[in-house]
Structures are given as C-alpha cells and as structure tokens.
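# Structure assessment
The residues making up each chain are set out below.
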Protein chains: 6
Amino acid sequence: MSELTHLDETGSARMVDVGAKAVTERVAVARGAVTMDAETLRLLREGGHKKGDVIAVARIAGIQAAKRCSDLIPLCHPMMLTSVTVDFEFDETEPRVEISARCKVSGQTGVEMEALTAVSIAALTIYDMCKAVDRGMHITDVCLVEKQGGKSGHWMQAK
Amino acid sequence: MSELTHLDETGSARMVDVGAKAVTERVAVARGAVTMDAETLRLLREGGHKKGDVIAVARIAGIQAAKRCSDLIPLCHPMMLTSVTVDFEFDETEPRVEISARCKVSGQTGVEMEALTAVSIAALTIYDMCKAVDRGMHITDVCLVEKQGGKSGHWMQAK
Amino acid sequence: MSELTHLDETGSARMVDVGAKAVTERVAVARGAVTMDAETLRLLREGGHKKGDVIAVARIAGIQAAKRCSDLIPLCHPMMLTSVTVDFEFDETEPRVEISARCKVSGQTGVEMEALTAVSIAALTIYDMCKAVDRGMHITDVCLVEKQGGKSGHWMQAK
Amino acid sequence: MSELTHLDETGSARMVDVGAKAVTERVAVARGAVTMDAETLRLLREGGHKKGDVIAVARIAGIQAAKRCSDLIPLCHPMMLTSVTVDFEFDETEPRVEISARCKVSGQTGVEMEALTAVSIAALTIYDMCKAVDRGMHITDVCLVEKQGGKSGHWMQAK
Amino acid sequence: MSELTHLDETGSARMVDVGAKAVTERVAVARGAVTMDAETLRLLREGGHKKGDVIAVARIAGIQAAKRCSDLIPLCHPMMLTSVTVDFEFDETEPRVEISARCKVSGQTGVEMEALTAVSIAALTIYDMCKAVDRGMHITDVCLVEKQGGKSGHWMQAK
Amino acid sequence: MSELTHLDETGSARMVDVGAKAVTERVAVARGAVTMDAETLRLLREGGHKKGDVIAVARIAGIQAAKRCSDLIPLCHPMMLTSVTVDFEFDETEPRVEISARCKVSGQTGVEMEALTAVSIAALTIYDMCKAVDRGMHITDVCLVEKQGGKSGHWMQAK
C-alpha cells in the first residue's frame, strides 16, 4: 500500500532513515518555466547578448539553492553534491524562459529535491530581476524529468 | 522606457538603492499550486484530518523561507517582515493543492519576492513529502496576486 | 589524564582532527523538558488533538536544528545525518512536556551534539509558541541519554 | 481567555502580525546552567585563567545564535538587535556554570527568544567542548529572568 | 585613551550597544585586489567579453556576502542594507583585478564590515574560479577607502 | 591548453563534476596578514595576555567560515571537513598579525577555498574588533601555501 514515508505511524514528521540504503551514483533532472510578456523576454534576450547578467545571476542562485536544499526543505537529508548545472532556453512562441537543472551525488538517497529547488530559485531570481517591468509573470510546470540511481533505477517523466 | 533595474547601465547586477524610497506599509500576496494524482491528494487530505503533518510542515517551510528570501534571491534587500501567513486549499476537481502566502512589512521596498518564495518552498515541501507515492507532481501557476504600498499603490493580478 | 580535546596544547580552540577515526554507524539519543503551568499544558494537549500545530512546529524546528548543528556549535564537524526523529510526551503530574531526539549517521564522529541541539531548539520553539500565556516556563534536564558507535561503544546515562 | 497567538482560529501556525505594535526599546535577560562534575568545572576554571578559550568560544556561539534566532525558531520575527552580551559564572558548590544573556532592540516585538537562544547555544557549546571528559552534564533551568519594553512593561521572574 | 570597544572591561567579547546612536545615512567603500599571472588575467578579460561569467559570479558572491556579514563576523550588528554594488577593473600592468564595493544603510552603525566582506568574498570567488590555471594568486590590499555618516562624519583613506 | 573549469564551453558557470575523482586525504594550508599601527598591535598583544578575546573570536570566526565555504563561494562543493585549525602570530617589525589556516578532508576535491576563506574571515574579524582604534588596517598577502592530496599531489608555494 502507498504511504507517505516522511510520516511515522502516528502521522508525525520525521527525517526518514536512509542508513541502510546503498550508496549509488544518483542523478536527477528537473525542469520549469517562467512565462512573461514578449517585451520582457526581449529585454532578457538582449541581456543575453549585451548585458548577460540576469541569466548569470539566476544560474548562480539556482546552483547555490541546490546546495542549501536540506536547509530549506525540512525533511531533506544533507547531501554532498558532486555536480550541479542549471541551463536556460528562451522560447519566443509562448513567450517564456525554460529552466533545467541537473544534480549528481554519490549517496544513499536521491537528489530530486536539489534539482527542483535549483529550478525554483532560479525562476524566482528571474522574476525578481524582471518584476519592475512585468509583474504578471508566472512560474510554471516545475517538475522532475529524470532520475537515475537507487532502488527505483532509471525513471523518466512520461510525455 | 522599460528597464531592468537590477542591472546598471553596463549590464552589471547590483542591489538597487532603495534608500530614498518612503517607508510605507507594504503587503504582498502570492499564489501557486501543486498538481498531483487524485490518490495522492486523498492521502494528503486524510493527513489533514488524522495526521496533519504534511501541511503543517509545508506551512513552516514556507514561513521560514519568506524570512530567508534575501539570502536566497541574490539581489533582494533584507527585510524585517512583520507578518507571514501561508494557507492551503484542496481542489479535488483538478486534483491539486492551492497554496497562498501573505507577507507584510513596514519598509522601503515591497515583499513580493518573500511571498513568492514562501509559496515555492511550501510547494517543494509538499512535493518532497509526497514524492514516494507520486513522482509526477507539478508545481504550477506561481504568481503575484496582490500588492499594496509603495509608489505603485494597490495592484491586483487581472483575472 | 583528562583533557579538553577541543583545545590544543596552548589552549587555543580547534576543530579536532577526526580523519583517522573509523567510519562506524553512530546513534545518539538526547532528552529534555519544558516545565509549564498546568493550564499551558492543557492548551498544548488540546492542540495535540484539535489543532496539533505547536508540537508539529517544534518537531520540525528540532529536526532542522539537528541538520544545522555544525553551523551553530563552533567546533562541531559537519555531518551527513541519515536519520533524525524528535518525539514529545505530555507529563501532567509535573506538569511538563518531555522531548527526546534520536540522530543517526555513518561517520567518523558522534552525533550527540546534533541530538542535544534538536532537543534544545524544539524546547525553545515550544517556549516561543506558549510564551504569550506563560512567561515562567523553564527548559530543563537537557542531557545525553544514549550513544552507540565509535571507539567508546554503547553508553547509557546512569539512572 | 488565554490563547496561543502563534496559532490562528483554525489552529494553523502563523508569524503573528506585529505591524501595529509600537516601536519601543526592548530588553530581555535569560539565564540557564550546565551542571557537571567537579573535575570538569576545575578544567574549565583553569581554562579561565590559563587557556580561556572554552568560555570565549561559548560566548561567541551564544552571541551569534541570538542574531540567528529568527532562522532557528520558526515563528520568530527577524530583529535588528542593537546589543547582545553573554556572561558566565562558575558555581563550585553545585558544581555548575551559570550562563546569562542580555539582548536589546528598538522594535515592535520582544527579544526573549533571542536571549533564551543565546543561553541555550552557549550551554550546548560548553557541553560540546567538555563532553570528552564528562558525558553526563545537564543543561538546566533555562528561563526568562527579566523583560522590559512593549505593552507588558517591566516583568521580572518571581523568585 | 584608545580602546577596543568589542571587549568589555574584563576583556570579554560583546556585541557593542548601538541603541543610543543616531540613525543616519551611512555609506562605506572598500577596495582590494587579486594579483595573478598575465595569462590568467587574459583568460578573465576574454571572459569579460565572450563568456562573462567569472566576474558576474564574483559580483553576486560579493553582494550576497555583504548581506550575510553579521552572520560571518561574530560581533557585527544585523543591518538592513539599502544598496550594495561591487565593481571590478582589470589592471594589466601588475597584472591584477581590482575590486571595490560600496554599501549603504540608514542605521545606527556603519557598514565598513559589509563592504570589506563583499570585497573579500568576491576576491575568493575569483580565486576559486581561476585556481585550476593559477594556484599562486594573492588577495591583497583589502582596506576601507571611504566612510560617511555617523559621529565620525566623512573619512577617506589617506593616499 | 589552460581552461577555467568552472565555465562550460559556452562560458556559463557550473559546479564542476567531481564524481569521478578519487577520494583521497586532502590538506590545504593558507596564509594572510592584517597590517596595522604599532599601537593597535600592542593592544592586541596585551589582549593576548590579559584579555585574549580578539584572537579567540577571530579563530572561531575563521573555523566557522571554513565550514560555511560552499555556502559563500558559489561554485564550491560541499565538504565534510575532518579538521580545521587557525593560528596567529604577531610580527612587530611590520607591524602586523600573520594568520594561517589548515583544513583537512577525505574527499573528491581539495580544500584550498576552505583554508583561504578561514584566513579571510579571521582577518575581517580582527579588522572589525580593532577598527574603532585603527581604520587604516589592510588585509594582505592572502594566498595558498601548501596543498596535499588529489591528482596534483604535493604542491608548495614557491618562495
């Protein structure tokens, strides 16, 4: 039967014991997007060529947030991430900025939350830096895309 | 002309000078949702009655994240929030959990980012606590709903 | 001869070198209590049934504090905790709330400080949430109860 | 009727709105103790003369913890403390180390939690630095001693 | 007579009471440099045009460190900075990168430490990102350049 | 050809993947100095005998900063340091305080940044505690002195 493992039998929160799980190479990829006005995206894209700093700042914010994940998400385990990358793509048809993050660790539990946190904080950073011109942006479609390692093996989000 | 105020004339990031802005009472309300399987929502709802802890944990994570906002979002100003509330509603038709956060300060700049950060981290916490039963959840529609105080006065998201 | 290992031969503080110690499974259990008025305990207990959030908040605060221990206690080593649980019991005869915390790690040094920090911060959180009705509460009897792993093996506090 | 102000009418946790409270000069004094073996206290006292660092480290840990209080105690408001002092006395008759902390702010809410947190973390730091020679120490009698400022005026713990 | 104000009459550390000081507009400017091989500077400069990210990352690290100053420097007061900027210049004759930081606050104590911390962490970030090609870099000449506000008025470093 | 490994082929920042590197015992030693007036050094030295706390506080600040390095330097990997020591020497001929830090880990990447961060924050703490009597101090000559472990083996700074 399905169960929320972060709750014990009395419904109390706990940091699940992962001590008996195998140390394996674990990878997680998460994705999300910030929808915005076409004009806002244009400012960002120009920044991508002439100024560059909005995306650079969002990338750093995302990487740092991945490292701070266990401090932000109460029941997450501390993790010694061996790699974090955060990438951005401009989609002019929507218009929106697509964000993806990839985290890696050799450990006893997965890094899904680290990747999802990196995407979320990178998205919030874009919102922060563009909000003076576009208050109506939305952060949307933040989800796990792929997961490797651990007992459940290789998982990919169904299309 | 529109401008990204977090960049100076050379395109470099900066923490904008708010020293000359008036100290006013400022409020921001943000919203977002976590979409999930009907069965996952059922587990959460039961938790809401018998166990309670998932939502309680997500609420605390959101409140704490609001306080840590300037540490997470690189160009945000430190803020002495006077109030933070985070609320949750279960929408069974989607199915999804709706999250809203309301932040207040008496200060020289708004608290939109604090409210948006509270929603995002509360959403990630729900994801974390339910991911063992539902890896396909999405965090979606995170946006600013309302903003009071400061030069721009009262703003509400258009329907 | 007895020695304070956190001081070198000149009396200067240092983070002791644990690099040569064996990696073993280590567990620590700590305990403490918050004494309070009978009426305050009654409010908390009712909360335990109808509202629940005081204890839920204190539990989360304790778990998060365990993870942040090396950031709070200057000479503690960083630790990748594999499990943290914090539990509460209501003792109406005193009256008081008893708190216990159990931490686990596979590492080169013990997790006593993590468990003691979890108890202390959970106790402070109860104090914070009840202080509007009872300023005279005391946090008391915070101590190590049990310790497993490492060179010293299994230790239990004498009754 | 008495009420736990950190819970709203549905029992959910919230960071109480202090926006309407007056900005006044607020002071809080807290106290606590670490009981220990006579031999451990002797090592500490000698340190006080020749080595000095245990108490110096505990003092710093306490001061820093006061500043980090709103990050540790979930529903505490951020505070711009204007002063923190942490003091220690050796009581050989018990034997124990008495710790007291005094915090000051000009703000809309009190600094009791900051003073109590300073005492608790200073006590844990003493425990950490002496645990190699005395695992049976207890942190005890942590309480608020005095409180000035705000609506409730001057309060002192009854003897 | 001169005195170290962070120590009380017994030589114990304390967070100095600034509660009686006037709230004034305070500005501090600090400066420092990272000396390096000519080839390393060339890689950085090219980055300035084509890649850009080293300097962008160092700037963000400096701004964030300014906000975290009271968490890093034990006796610093928490501060609600209203502005932080960090700038870089390439000096090919040395060769070195010059870093300057400017912090502003309306408060009861100065922001020298915030500006000096921003410069130091920005410098360390440059070191980190270039160390794979040049382990012999030095961080040097970190100092206060200018200070406005408060009792001491306008101060500038003598040439 | 030389390359800045923290940038990918498009010049974007990333946390380099160290997952394939061997776990070896790694040590790094860094050094730096705070130059000051002779009178300031005299106050510090007297402190070393009668009061002691300036150096004790700076040492603790340095040790704590080493542990927080991956939180401060954006692309640093989290590290479970097994040992940190920070030492000070008074040089009256300059006059200046020399600071050295030594960090150790058993891990997949070096601890140079941890040692350099410890030196820098210890230096800033000395500056903070002495700035009331000497605003013209400089932090200077912060550099890596020695590095052991990893692919590059034993490296020492050339004289």
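Sequence order sets the numbering: in each chain, residues are counted from 1 along the sequence as written. Naming scheme: in the order in which they are written, chains are lettered from A and ligands are numbered from 1. Given that the model is predicted, a residue must reach a pLDDT of at least 70 before its local features are reported, and side-chain atom pairs must reach 80 or more before they are shown or counted; all residues, however, enter totals for whole chains, interfaces and linings. Heavy atoms from the whole structure form the basis of all side-chain values; hydrogens and water molecules are not counted.

Per the secondary structure count, chain A includes four helices and five strands. Secondary structure elements follow DSSP: runs of H or I of four or more residues count as helices, runs of E of two or more count as strands, with numbering from the N terminus. Order of helices (α) and strands (β) in chain A, N terminus to C terminus: β-α-α-α-β-β-α-β-β. Expressed as lengths along the three principal axes of its C-alpha atoms, the size of chain A is roughly 50 × 30 × 30 Å. Residues classed as buried in chain A amount to 64% of the 159 residues present. For every residue, the accessible area obtained with a 1.4 Å probe (protein chains only) is divided by the maximum for its type, and the residue is called buried under 20%, exposed over 50%, and partly exposed between those limits.

Note on contacts: a residue pair is in contact if any heavy atoms of the two residues lie within 4.5 Å. Contact residues are listed per partner, giving 51 residues for chain B and 51 residues for chain A. Taken over both partners, the interface formed by chain B and chain A buries close to 4,800 Å², and the fraction arising from carbon and sulfur atoms is 67%. By buried area we mean the combined loss of accessible area, with a 1.4 Å probe, across both parts when two parts are placed together. In terms of surface lost to chain A, no three residues of chain B exceed B:L4, B:L124 and B:R135, which account for 15% of the buried area on that side. The term salt bridge refers to a side-chain nitrogen of Lys or Arg lying within 4 Å of a carboxyl oxygen of Asp or Glu. On the surface where chain B and chain A come into contact, there are two salt bridges. Among the salt bridges present, the one from A:D71 reaches B:R68, with a minimum N-O distance of 3.3 Å. Residue assignment for the side of chain B that touches chain A shows that the elements contributing at least two residues are helix 1 (38–51), helix 2 (53–67), helix 3 (69–72), helix 4 (112–130) and strand 4 (138–148) of chain B. It is helix 4 of chain B that provides the largest number of residues to the side of chain B that touches chain A, a total of twelve residues. Amino acids outside the nonpolar list (Ala, Val, Leu, Ile, Met, Phe, Trp, Tyr, Cys, Pro) and the charged list (Asp, Glu, Lys, Arg) are all regarded as polar, and Gly is one of them. Among the residues making up the side of chain B that touches chain A, the classes are represented as 27 nonpolar, 13 polar and eleven charged. Where strand 4 (residues 138–148) of chain A and strand 4 of chain B come together, two bridges link them in antiparallel fashion. Paired with A:V142 across the two strands is B:I139, which belongs to strand 4 of chain B. Two strands are said to pair when DSSP picks up at least two bridges between them.

Side chains of nonpolar character tend, in soluble globular proteins, to be buried together. Ranked by internal contacts, the top residues of the largest apolar core, which has 323 residues, are A:I126, B:I126, C:I126, D:I126, E:I126 and F:I126. With residues near it in sequence (within four places) discarded, B:I126 still touches B:V34, B:M36, B:L44, B:I55, B:A58, B:F88, B:V97 and B:I99. Residues enter a nonpolar core if they are buried and are Ala, Val, Leu, Ile, Met, Phe, Trp, Tyr or Cys, with the set joined through side-chain atoms within 4.5 Å.

Moving on, we come to the relation of the copies chain F and chain D. Relative to chain D, chain F is turned by 180 degrees and slid 0.0 Å along the rotation axis, the superposed coordinates differing by an RMSD of 0.0 Å. Put plainly, the chains are arranged around a two-fold axis. A share of 100% of interface residues in chain F that are also interface residues in chain D marks the association as one of identical surfaces. Copies are brought into register by a least-squares superposition over C-alpha atoms of residues with pLDDT of at least 70 in both.

To characterise two packed helices, one gives the angle between the axes of the helices and the distance between these axes. Relative orientation of the contacting elements helix 4 (residues 112–130) of chain E and helix 4 (residues 112–130) of chain F amounts to 165 degrees, with a least axis distance of 11 Å. Accordingly, the angle class assigned to the pair helix 4 of chain E and helix 4 of chain F is roughly antiparallel. Helix-helix and strand crossings are classified by hand; for helix 4 of chain E and helix 4 of chain F the assignment is right-handed. In contact with E:M113, E:L116, E:T117, E:S120, E:I121, E:L124, E:Y127 and E:D128 of helix 4 of chain E, helix 4 of chain F contributes F:M113, F:L116, F:T117, F:S120, F:I121, F:L124, F:Y127 and F:D128. Residue classes in the contact of helix 4 of chain E with helix 4 of chain F are distributed as ten nonpolar, four polar and two charged. Fitting a line to C-alpha atoms yields each axis, with helices limited to the stretch in contact; the angle taken between N-to-C directions then spans 0 to 180 degrees. With respect to orientation, any angle under 35 degrees is reported as roughly parallel, any angle over 145 as roughly antiparallel, any angle of 65 to 115 as roughly perpendicular, and every other angle as oblique. The crossing is said to be left-handed when, going from far helix to near helix, the turn is anticlockwise and less than a right angle, and right-handed when the turn is clockwise.

The operation linking the two copies of the chain is a rotation about an axis combined with a translation along the axis. With an RMSD of 0.0 Å, the operation that places chain B on chain A is a rotation of 180 degrees combined with a shift of 0.0 Å along the axis. A share of 100% of the interface residues of chain B reappears at the interface of chain A, consistent with the copies meeting face to face through the same patch.

A few words on the interface of chain F and chain D. Accessible area lost upon the coming together of the parts is a frequently used measure of interface size. The interface is formed by seven residues belonging to chain F together with seven residues belonging to chain D. Across the chain F-chain D interface, the total number found is two salt bridges. Notably, a salt bridge pairs D:R59 with F:D53, separated by 3.7 Å at the nearest N-O pair. Polar contacts here mean pairs of N or O atoms no more than 3.5 Å apart (in protein, one a potential hydrogen donor and the other a potential acceptor; neighbouring residues in sequence count only if both atoms are side-chain atoms). On inspection of chain F and its partner chain D, the count reaches zero residue pairs in polar contact (both at pLDDT 80 or more). For the side of chain F that touches chain D, the residue count by class is three nonpolar, one polar and three charged.

Cis geometry marks the peptide bond from E:E94 to E:P95; its omega dihedral reads -5 degrees. Inspection of the secondary structure assignment puts E:P95 in the loop between strand 2 (83–91) and strand 3 (96–107). Backbone geometry at A:D141 places phi at a positive 55 degrees, although glycine is not the residue there. Its location among the elements puts A:D141 in strand 4. Given a relative accessible area of 31%, A:D141 falls into the partly exposed group.

The next point concerns the arrangement of the chains. With respect to C-alpha atoms, chain A approaches chain D no nearer than 10 Å, and the pair has no contact. You won't find any contact between chain C and chain E; their C-alpha atoms come no closer than 10 Å.

Our focus in this paragraph is the state of the cysteines. Note on terminology: pairs of cysteine sulfur atoms within 2.5 Å are recorded as disulfides. Per the counting criterion, the structure on display carries zero disulfides over all chains. For C:C69, which is in no disulfide, the shortest distance to another cysteine sulfur is to C:C76 and amounts to 3.9 Å.

Further remarks concern the UniProt feature "active site" (unreviewed entry) in chain A. UniProt positions are given in the numbering used here, feature names are shortened, and annotations may be inferred rather than shown by experiment. The UniProt record marks A:D128 with the feature "active site" (unreviewed entry), using the residue numbering of this structure. Assignment of secondary structure puts A:D128 in helix 4 (residues 112–130). Not counting chain neighbours up to four residues away, the residues in contact with A:D128 comprise B:H6, B:I73, B:L75, B:C76 and B:M113.

The end-to-end C-alpha distance of helix 4 (residues 112–130) of chain C is 27 Å, a good match for the 27 Å that 19 residues give at a rise of 1.5 Å each. Of all 19 residues making up helix 4 of chain C, 19 are buried, and the element is well covered by its neighbours. One less than the residue count of a helix, multiplied by 1.5 Å, gives the span that helix is expected to have.

Take the pattern of salt bridges next. All names here are of chain F. The final tally for this structure, using the stated rule, is 66 salt bridges over all chains. Two residues, R42 and E39, come together in a salt bridge whose shortest N-O distance is 2.7 Å. Here R42 and its partner E39 are both found in helix 1 (residues 38–51), three residues apart, which amounts to about one turn of the helix. A relative accessible area of 35% means that R42 is categorised as partly exposed. A salt bridge links E112 to K147; its shortest N-O distance comes to 3.7 Å.

Residue and element names in this part refer to chain B. Looking at the element boundaries, R102 is found in strand 3 (residues 96–107). The spacing of R102 and E114 is twelve residues in sequence and 8.7 Å in space, taken between C-alpha atoms. Sequence-distant contacts of R102, defined by excluding residues within four places in its chain, comprise V27, A28, V29, S83, V84 and T85.

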